[in-house]
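# Fold and contact review
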Amino acid sequence: MANAAKRRWVVTGAGGQLGLCLAARLRDDPANTLAGAFDHRALDIADAAALRRALSGLPGGPPDVVANAAAMTHVDRCEAEP
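What comes next concerns the included structure. Keep in mind it's a predicted model, so treat the numbers as computed, not measured. (Residues numbered from 1 in each chain as written. Predicted model: local features only at pLDDT ≥ 70, side-chain atom pairs only at ≥ 80, totals over all residues. Heavy atoms only, no water.)

### Things to note about the nonpolar core
One finds Val 10, Ala 35, Phe 38, Leu 43, Ala 50, Ala 54, Leu 55 and Leu 58 forming the largest nonpolar core, which totals eight residues. Of all the secondary structure elements, the ones that give two or more residues to this core are strand 2 (32–38) and helix 2 (48–56). Considering each element in turn, this core owes the most residues, three residues, to helix 2. Contact partners of Ala 35, with chain neighbours within four places excluded, come to Arg 8, Trp 9, Val 10 and Leu 58. Residues Trp 9, Ala 14, Leu 26 and Ala 67 belong to the second largest nonpolar core, which totals five residues. (Core = buried A, V, L, I, M, F, W, Y, C linked by side-chain atoms within 4.5 Å. Buried < 20%, exposed > 50% of the residue type's maximum accessible area, 1.4 Å probe, protein only. Helix = DSSP H or I, 4+ residues; strand = E, 2+ residues; numbered from the N terminus. Contact = heavy atoms within 4.5 Å.)

Laid out in structure tokens, this is it:
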């Protein structure tokens, strides 16, 4: 991607296995910029207002890509709390 602008990424669920790996790859990728990485304590993705604030408050402006790696993986709890 010669002379192409870097894509700015935000990763949600950055405290989990997939989010951690994706954020690490983006940090090391010269073609991309990790503009933000949020775990569940930093951002409740079910709160639309919080999500808007987080994305609009990033230094450098809004991201080009949001990768949502947030997930609830405790199967028994998911069944009990749909």
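### Description of the sheet that holds strand 3 (residues 65–68)
Across the sheet, which stays open at both edges, the three strands sit in the order 2-1-3 with parallel pairing between neighbours. Each edge of the open sheet carries a strand with a single partner, namely strand 2 and strand 3. Within the sheet, the average angular offset between the axes of one strand and its neighbour, ignoring direction, is 25°. As defined by bridge partners, strand 1 (residues 7–12) adjoins strand 2 across six bridges and the pair is classed as parallel. Counted as the bridge partner of Arg 8 is Thr 33 from strand 2. Against the sheet, helix 1 (residues 17–28) contacts strand 1, strand 2 and strand 3, and its axis sits at roughly 150° relative to strand 2. (Pairing = 2+ DSSP bridges. Axes fitted to C-alpha atoms, helices over the stretch in contact; angles between N-to-C directions.)

### Some remarks on the side chain of Asn 32
Mapped onto the elements, Asn 32 comes out in strand 2. Side-chain polar atoms of Asn 32 contact the side chain of Trp 9, separated by 2.9 Å. Within the structure, Asn 32 has its side chain in polar contact with the side chain of Asp 29 (distance 2.6 Å). Excluding residues within four positions of it along the chain, Asn 32 makes contact with Lys 6, Arg 7, Trp 9 and Leu 26. (Polar contact = N/O pair within 3.5 Å; in protein donor to acceptor, adjacent residues only side chain to side chain.)

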